[in-house]
Amino acid sequence: MAMDAERRQAELIAQFSAQAAALSSAPQLAALVLEATSHPALFAFSELLTLPALSKLAGTQYASSLDLLRLFAYGTLKDYKSNSGSLPALLPDQVRKLKQLSVLTLAESTKILPYDQLMQELDVSNVRELEDFLINECMYSGIVRGKLDQLRRCFEVQFAAGRDLTPDQLTNMIETLSDWLGTSDSLLHQIQEKIKWADTMSEVNKKHQKEFEDRVEEAKKSIKLNNLSRQTSTYGGMTTFSLNLEE
Amino acid sequence: MSAPSEAAPAVSAPAPATTAAASSGGFTFKLHPLVIVNVSDHHTRVKAQAACSGDSSSSSSAAGAGAAAGQPPRVFGCVIGVQRGRTVEIFNSFELVLDPVSGTLDRAFLEKKQELYKKVFPDFYVLGWYSTGSDVHDTDMQIHKALMDVNESPVYLLLNPTINLSQKDLPVTIYESELHVIDGSPQLIFVRSNYTIETVEAERISVDHVAHLKPSDGGSAATQLAAHLTGIHSAIKMLNSRVRVIHQYLVAMQKGDIPVDNSLLRQVSSLVRRLPAMESQKFQDDFLMEYNDTLLMTYLAMFTNCSSTMNELVEKINTSYERPTTRRGGRGAFM
């Protein structure tokens, strides 16, 4: 299911990249950036950012478009509000997209997002609006999957699509993966030890049983011999009782 | 279309009738496990019957025991299923009688069987035929052509019954027939096709059941525990190797050996975000409760065992030391 979101985006990204390669003038590129950031299904912008055509925008009056694209790739609604002076005004589509991207960023750090934090980040005032936003914009579009817990007022994220990565995030990911590998290696080792332990314990148990049985046999044999030797020394009437004991 | 005359050179020049590279037909084949089980069962039965009759009467059956001495006899049958557009889905199969002398199929039997299966499964058509062996035989093309009047492009399923422990894939190959121009004349040859295994829920359950065969008496507790742990071990090992591949890929990407693929990076980052997979207070509570319950039950069972053993011991002591007091005379030592 995760791959579907990526696949849908792959087509859009290819389309936009082709368009950007074809255009050359700054205002057209700025318009393209506007279109890309308002598109309802596109959440990945690093391909567009790395296009050489867009670096031409830097330094011109349309540099703010480039900053906007960078904001959409890596930033959240909070970043926009703190820098709103230098960035162009956003259309309602873009605001919605930025909110979705902010949810993705929040989902990166914790799995359980309290409603209060979400309301603050997304600039919504009541729970109803927040839930509507989460359900309609985030879950139905497939970028997030999770459970809404109204009693404890939090949103449990089970899956969140990835945002564009900054280079240092790559190092973090590699570290996380190597930790995961280390843990699963040690787990495998422990499982093998447990298997060996189970086998050795059953061996010990069997040996113990066998020893016990041997001793019982020995004791039985010694009693029989004792009775046979005693038979000659007891009264004649008692032979019937000693015969029974031999069972 | 000069079909009979084509059959003659095919028999006399057998070499070109066998396989070539991968097929270009564009058909997608889906195979159900039932077919594989059927074919292998058919083969095993015939092999066992040949071996059994070989033991009882050595001389007469040596002639009739099939192709070559030491080789299990080949079995033949039909595969049936559904064809929707370019997707061919093979559901079931049944056995056929092959006349060993003339090398042709028993047509009447085939028709009868087809009719019977049509009544039970009205959607299924005869899609082709199967056989066993390690490679395509030269006579197979004849049988293939004979079936062409039932289905215009039949499939040929070959099962290799020799057990090869190092082989990872199933020893089943699917061949299609294509008209290729060889040595100036168009000839039908077999070309391999890829296939995927498709299961219905009932098939999945039975295959799962067979894969987890346990010793018939249930084994001791230790063997069951070992079997269970081994299953978990192999599952985790597979996950481990896959994650290792992703890790190496990312490291190479970071060093710059591989061009950066953003879409893949995004997917990996969303995967990494899913860890830890299970982390909430409620899970901890439930998990610890279940853990404590299991420990308690083990403790209780141990207790019950000990008390019953103690009880037996006490009874034995009572029985063995009471006798001297109730018996008149008793043993010499106690008098």
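Residues numbered from 1 in each chain as written. Chains lettered and ligands numbered in written order. Predicted model: local features only at pLDDT ≥ 70, side-chain atom pairs only at ≥ 80, totals over all residues. Heavy atoms only, no water.

A. The overall build of chain A, seen in detail. If you tally the helices and strands in chain A, you get 11 helices and three strands. Residues classed as buried in chain A amount to 37% of the 247 residues present. The contacts of chain A with a sequence gap of at least 6 include a subset with a gap of at least 24, amounting to 56%. Carbon together with sulfur atoms contributes 55% to the accessible area of chain A, which is approximately 14,300 Å² in total. (Helix = DSSP H or I, 4+ residues; strand = E, 2+ residues; numbered from the N terminus. Buried < 20%, exposed > 50% of the residue type's maximum accessible area, 1.4 Å probe, protein only. Contact = heavy atoms within 4.5 Å. Areas by Shrake-Rupley, 256 points an atom, 1.4 Å probe, with all protein chains shown as cover.)

B. Local environment of the interface of chain A and chain B. Each side of the interface is counted separately: chain A has 43 residues, and chain B has 40 residues. Together chain A and chain B conceal approximately 4,000 Å² of surface at their shared face, both sides included; 68% is due to carbon and sulfur atoms. The largest contributions to the chain A side of the interface with chain B come from A:Leu177, A:Trp180 and A:Leu181, which together make up 16% of the buried area. Our enumeration of links across chain A and chain B arrives at one salt bridge. Between A:Asp185 and B:Arg244 there is a salt bridge, with its nearest N and O atoms 3.4 Å apart. Taken together, the links from chain A to chain B amount to three residue pairs in polar contact (both at pLDDT 80 or more). (Buried area = accessible area lost by both parts, 1.4 Å probe. Salt bridge = Lys/Arg side-chain N within 4 Å of Asp/Glu carboxyl O. Polar contact = N/O pair within 3.5 Å; in protein donor to acceptor, adjacent residues only side chain to side chain.)

C. View of unusual backbone geometry. Residues and elements named next belong to chain A. Phi is positive for Asp123, close to 65°, though the residue is something other than glycine. Position of Asp123 relative to the elements: it lies in the loop between α8 (115–122) and α9 (127–139). For Arg153, which is not glycine, the phi dihedral falls at a positive 55°. As for its position among the elements, Arg153 is in the loop between β2 (144–149) and β3 (154–160). For Arg153, a relative accessible area of 35% puts it in the partly exposed group.

D. Local environment of the sheet that holds strand β3 (residues 87–95) of chain B. All names here are of chain B. Sheet architecture is open: eight strands sit in the order β7-β6-β5-β4-β2-β3-β1-β8, paired in mixed fashion. Pairing within the sheet leaves two strands with one partner each, and these edge strands are β7 (185–193) and β8 (195–197). Taken over all neighbouring pairs, the strand axes of this sheet differ in orientation by 35° on average, direction set aside. Bridge analysis of strand β5 (residues 155–159) against strand β6 (residues 172–182) gives four bridges, and the strand direction is antiparallel. Each bridged residue has a counterpart across the sheet, and for Leu158 the counterpart in β6 is Thr173. Sheet strands touched by helix α4 (residues 107–120): β2 (76–84), β3 and β4 (125–132). Its angle to β3, the strand with the most contacts, is close to 115°. Strands in contact with helix α5 (residues 140–147) are β2, β4, β5, β6 and β7; relative to β7, the strand with the most contacts, it is inclined by about 95°. (Pairing = 2+ DSSP bridges. Axes fitted to C-alpha atoms, helices over the stretch in contact; angles between N-to-C directions.)

E. Broad picture of the nonpolar core. Judged by nonpolar contacts, the single largest core of 49 residues is most densely connected at A:Leu118, A:Leu130, A:Val144 and A:Phe155. With sequence-adjacent residues up to four places away left out, A:Val144 is seen in contact with A:Val103, A:Leu104, A:Cys138, A:Met139, A:Phe155, A:Val157, A:Phe159 and A:Ala160. With 21 residues, the next largest nonpolar core counts B:Val82, B:Phe94, B:Leu110 and B:Leu158 among its residues. (Core = buried A, V, L, I, M, F, W, Y, C linked by side-chain atoms within 4.5 Å.)

F. How the structure looks around the packing of aromatic side chains. All names here are of chain B. Applying the stated criterion across every chain yields a total of 12 aromatic pairs over all chains. Through successive ring pairs, a cluster of aromatic residues spans Phe76, Trp129, Tyr156, Tyr175 and Phe190. Directly above the aromatic system of Phe27 lies the positively charged group of Arg86, at a separation of 4.5 Å from the ring centroid. (Phe/Tyr/Trp six-rings, centres within 6.5 Å; stacked < 30°, edge-to-face > 60°. Lys NZ or Arg CZ within 6 Å of the ring centre and 35° of its normal.)

G. Seen up close, α9(A). All names here are of chain A. Taken together, the buried positions of α9 are Leu130, Glu131, Phe133, Leu134 and Cys138. Looking straight down α9, one finds its buried side chains confined to an arc of 160°; they lie on one side. Contacts from the buried residues of α9 go to α7 (92–109), α8, β2 and β3. (Arc of directions from axis to C-beta.)

H. Quick look at the pairing of β7(B). Bridging between β6(B) and β7(B) involves nine bridges; their strand directions are antiparallel. Its bridge partner lying in β7(B), B:Val181 is registered against B:Pro186.

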